[in-house]
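Chains, contacts and geometry: an overview
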Amino acid sequence: MTDPPATPFQVATPAQAQALLDFTYGARLLEKFMQPGTSSQAAHALAEPANRVAYHVRKLTDSGLLRVAGHQGKRVLYQTVAETFHVPRALVRLDEPLTLIEPVMQEITNAYAHAILAWQARQDPQAPNEGGTDLTVRLGTHHPADGSAAPEGPYPPAMRLRAVRLTPSSTSGPRPPWTAS
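Throughout what follows, the structure given in this document is the object of discussion. Not measured: the values here are computed from a predicted model.

As for the nonpolar core
Core analysis: the largest hydrophobic core is formed by 21 residues, its most contacted members being Leu-29, Leu-65 and Phe-85. Those elements giving two or more residues to this core turn out to be helix 1 (14–21), helix 2 (27–30), helix 3 (39–46) and helix 4 (50–62). In this structure, Leu-65 is in contact with Phe-9, Gln-16, Ala-19, Leu-20, Leu-30, Leu-60, Thr-80, Val-81 and Phe-85, ignoring residues within four places of it in sequence.

Right under this line is the structure:
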């Protein structure tokens, strides 16, 4: 099969930028078409409903980011128009940080919630609380009182979050490495 062209694709319209930067169905979906493939193959690879993926494949094709690469029987084969895409800053709302961050955080939240639900479904609802069927909120680092190692799994999904605020240094000294120059 053929590889996508090595020449970068220059995104030219807001619709192209929006389609490419869509967290769920943009570049992530385009990656499934590095080699020619059908929308149903991409749906299977992403574990997404075929009709939803077909809709976004049409959207990416209509915006010029995917092209028809041939046919496999009655099925249409699609391939990405390039391996690299250049998006002008004017087409990306970088002045609104949530534009790019919010969809990522939503995806993390959804994945975590589904992991909890799947774990709960595997638990015995008749088991006592020691079986871990309650939601446990533990503060700080937990060390067993008797000094023993942690019990063997399977463990419920766990997430530890810490909010960090990064700000530029207000002194005239050297700037921290995470600040923009």
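A word on the side chain of Ser-39
For Ser-39, the location among the structural elements is in helix 3. Here Ser-39 is in contact with Phe-33, Val-53, Ala-54, Val-57 and Tyr-78, once residues within four sequence places are set aside.

Concerning a nonpolar patch on the surface
Side chains of Ile-101, Met-105 and Ile-108 sit close together on the surface and give an oily, nonpolar patch of about 260 Å² of accessible area. Along the polypeptide, Ile-108 turns up in helix 5 (residues 98–122). Take Ile-108: its relative accessible area is 39%, and that puts it in the partly exposed class.

Section: helix 3
Ser-39, Ala-42, Ala-43 and Leu-46 are the residues of helix 3 that are buried. Taken down its axis, helix 3 places every buried residue within 100° of arc, on the same side.

Overview of empty space enclosed by the protein
Counted by the stated rule, this structure contains one cavity of 30 Å³ or more. Approximately 40 Å³ is the volume attributed to the largest cavity. Taken together, Ala-19, Asp-22, Tyr-25, Gly-26, His-56, Lys-59 and Leu-60 make up the full set of residues lining the largest cavity. When residues of the lining of the largest cavity are assigned to their parent elements, the largest contribution, three residues, is made by helix 4. Partitioning the lining of the largest cavity into residue classes produces three nonpolar, two polar and two charged.

Cut-offs applied
Residues numbered from 1 in each chain as written. Predicted model: local features only at pLDDT ≥ 70, side-chain atom pairs only at ≥ 80, totals over all residues. Heavy atoms only, no water. Core = buried A, V, L, I, M, F, W, Y, C linked by side-chain atoms within 4.5 Å. Buried < 20%, exposed > 50% of the residue type's maximum accessible area, 1.4 Å probe, protein only. Helix = DSSP H or I, 4+ residues; strand = E, 2+ residues; numbered from the N terminus. Contact = heavy atoms within 4.5 Å. Patch = residues over 30% accessible without salt bridge, like charges linked within 9 Å, V, L, I, M, F, W, Y side chains within 5 Å. Areas by Shrake-Rupley, 256 points an atom, 1.4 Å probe, with all protein chains shown as cover. Salt bridge = Lys/Arg side-chain N within 4 Å of Asp/Glu carboxyl O. Arc of directions from axis to C-beta. 1 Å grid on protein atoms, 1.4 Å probe; cavity = no way out; pocket = protein on both sides within 12 Å on 5 of 7 lines; lining within 4 Å. Points joined across faces, edges and corners; volume = space filled by probe spheres on them. Nonpolar A, V, L, I, M, F, W, Y, C, P; charged D, E, K, R; others polar.

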